[in-house]
Amino acid sequence: MFRRRHRHNCGYWDCDKRIPEDDFLCAEHYQSWAEGVIDRCPKCGRFKDIMYRLCLDCYFGRKVAQWQPPGGIPPQKQNYRVEYSDAWVDGYMRSDKFFIFILEFDDGGLYVGHTADLTSQLSGYKKQKESANAGRNPRLQYVQMVATKEAAELREAELKKLLGSNPEQVHLMIADFRGRMHELGYEEYA
Ligand SMILES: [Zn+2]
Ligand SMILES: [Zn+2]
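Residues numbered from 1 in each chain as written. Chains lettered and ligands numbered in written order. Predicted model: local features only at pLDDT ≥ 70, side-chain atom pairs only at ≥ 80, totals over all residues. Heavy atoms only, no water.

*Asks:* Outline the environment of Pro70, listing residues and values.
*Replies:* Here Pro70 is to be found in the loop between α2 (56-59) and α3 (86-93). Setting aside anything within four residues of it in sequence, one finds Pro70 in contact with His8, Glu21, Asp22, Asp23 and Phe24. (Helix = DSSP H or I, 4+ residues; strand = E, 2+ residues; numbered from the N terminus. Contact = heavy atoms within 4.5 Å.)

Structure representation (structure tokens):
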């Protein structure tokens, strides 16, 4: 009978790639580890981006099992290794990096999305010819900035839910946003 080798997940906190039992990272994350851009989360033991003090699960207080590398971790063969710095927290975590946006189409339909690059995302919608949104003339109706992708995803899910259960609320939110833009003198933000 054909015997399969036991496989387990990559040790990077949100990677679900299956890897051979004596490996501790998938090929991609092994590369990041060799380059010194990921190290271990002091709380759960899994690997994380060095720019964060904790993996995002631990950062958001989610319960995760302690992770142990299956066969120990070899020393990193390099002279230079980047270390976590508090400055990154200010520069990265607290910077307004992600945008939640609402588009309105000619037929009155609303679309909620999030992106790290609002400009290219919006110009992408304008250029789409083949998609379901082609020719529907999307106009930007609402923008909100948040500091993390996590927060952007939560807010997007919240707004999508609200759009289904209480669309009137979303329209009020848009009207309020328009009002504020008007006060600031931004008439043509769409
Ligand atoms: Zn991985
Ligand atoms: Zn962790």
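*Asks:* Give me the lowdown on the coordination of the zinc ion (ligand 1), citing residues and values where you can.
*Replies:* Surrounding the zinc ion (ligand 1) are the protein donor atoms Cys10 (SG), Cys15 (SG), Cys26 (SG) and His29 (ND1), at 2.0 to 2.3 Å. Taken together, the four donor atoms coordinating the zinc ion (ligand 1) and their angles of 98 to 118° define a geometry best described as tetrahedral. (Donors = N, O, S within 2.8 Å, 3.2 Å for Na, K, Ca; no water. Tetrahedral: all angles 85-135°; square planar, octahedral: opposite > 155°, others 65-115°.)

*Asks:* Lay out the coordination of the zinc ion (ligand 2) with the relevant residues and their values.
*Replies:* Around the zinc ion (ligand 2), the protein contributes the donor atoms Cys41 (SG), Cys44 (SG), Cys55 (SG) and Cys58 (SG), which lie 2.3 to 2.4 Å from the metal centre. Geometry at the zinc ion (ligand 2) is tetrahedral, judged from the four donor atoms that bind it and their angles of 99 to 119° at the metal. Each donor residue of the zinc ion (ligand 2) belongs to the same chain, and together they define the spacing C-x2-C-x10-C-x2-C. Residue Cys44 is found in the loop between β3 (38-40) and β4 (47-49), and its partner Cys55 is found in the loop between β4 and α2; the two are separated by eleven residues along the sequence.

*Asks:* I'd like a rundown of helix α5 (residues 149-165), residues and numbers included.
*Replies:* Compared with an ideal rise of 1.5 Å per residue, which puts 17 residues at 24 Å, α5 spans 24 Å between its outermost C-alpha atoms and is within 8% of the ideal. Looking at the packing, one finds that the buried side of α5 touches α2, β5 (98-104), β6 (110-115), β7 (139-146) and α6 (167-183). (Expected span 1.5 Å × (residues − 1).)

*Asks:* Give me the lowdown on the side chain of Lys48, citing residues and values where you can.
*Replies:* Inspection of the secondary structure puts Lys48 in strand β4. We classify Lys48 as buried; its relative accessible area is 3%. Looking at Lys48, its side chain comes within polar contact range of the side chain of Asp39, at 2.4 Å. Once residues within four sequence positions are removed from consideration, Lys48 is found in contact with Tyr12, Trp13, Val37, Ile38, Asp39, Arg40, Cys41, Pro42, Arg53, Leu54 and Cys55. (Buried < 20%, exposed > 50% of the residue type's maximum accessible area, 1.4 Å probe, protein only. Polar contact = N/O pair within 3.5 Å; in protein donor to acceptor, adjacent residues only side chain to side chain.)

*Asks:* Account for the sheet that holds β5, naming residues and giving values.
*Replies:* One open sheet accounts for three strands, arranged β6-β5-β7; its pairing is antiparallel. Of all strands in the sheet, those bounded by a partner on one side alone are β6 and β7. Across this sheet, the average inter-strand angle for adjacent strands is 20°, counted without regard to direction. With seven bridges connecting them, β5 and β7 associate as antiparallel partners. From the neighbouring strand, Leu103 faces β7, where its bridge partner is Leu140. Across the sheet, α5 lies against β5, β6 and β7, angled at about 170° from β6, the strand it touches most. (Pairing = 2+ DSSP bridges. Axes fitted to C-alpha atoms, helices over the stretch in contact; angles between N-to-C directions.)

*Asks:* Now, about the pattern of salt bridges: what can you tell me, with residues and values included?
*Replies:* Summed over the entire model, instances satisfying the criterion amount to eleven salt bridges. Measuring nitrogen to oxygen at the nearest pair gives 2.7 Å for the salt bridge that ties Arg155 to Glu158. In this pair, Arg155 and Glu158 both sit in helix α5, three residues apart, roughly one turn of the helix. Look at Glu158 and you get partly exposed, because its relative accessible area is 47%. Of the charged contacts in the structure, one is a salt bridge between Asp176 and Arg180, with a shortest N-O distance of 3.5 Å. Separated by four residues within a single helix, Asp176 and Arg180 lie in helix α6, roughly one turn from each other. For Asp176, a relative accessible area of 45% gives the class partly exposed. Overlapping salt bridges, with partners in common, bring together Arg46, Asp57, Arg62 and Glu150 in one network. (Salt bridge = Lys/Arg side-chain N within 4 Å of Asp/Glu carboxyl O.)

*Asks:* Quick one: what's the story with helix α1 (residues 27-34), residue by residue and with numbers?
*Replies:* Along an α-helix, a turn takes 3.6 residues, which lines up residues three or four apart on a common side. Burial in α1 covers these residues: His29, Ser32 and Trp33. For α1, the angular spread of the buried residues around the axis is 100°, confining them to a single face. Tucked inside the fold, the buried residues of α1 contact β3 and β4. The positive-phi residue at the C-terminal boundary of α1 is Gly36, with phi of around 80°. (Arc of directions from axis to C-beta.)

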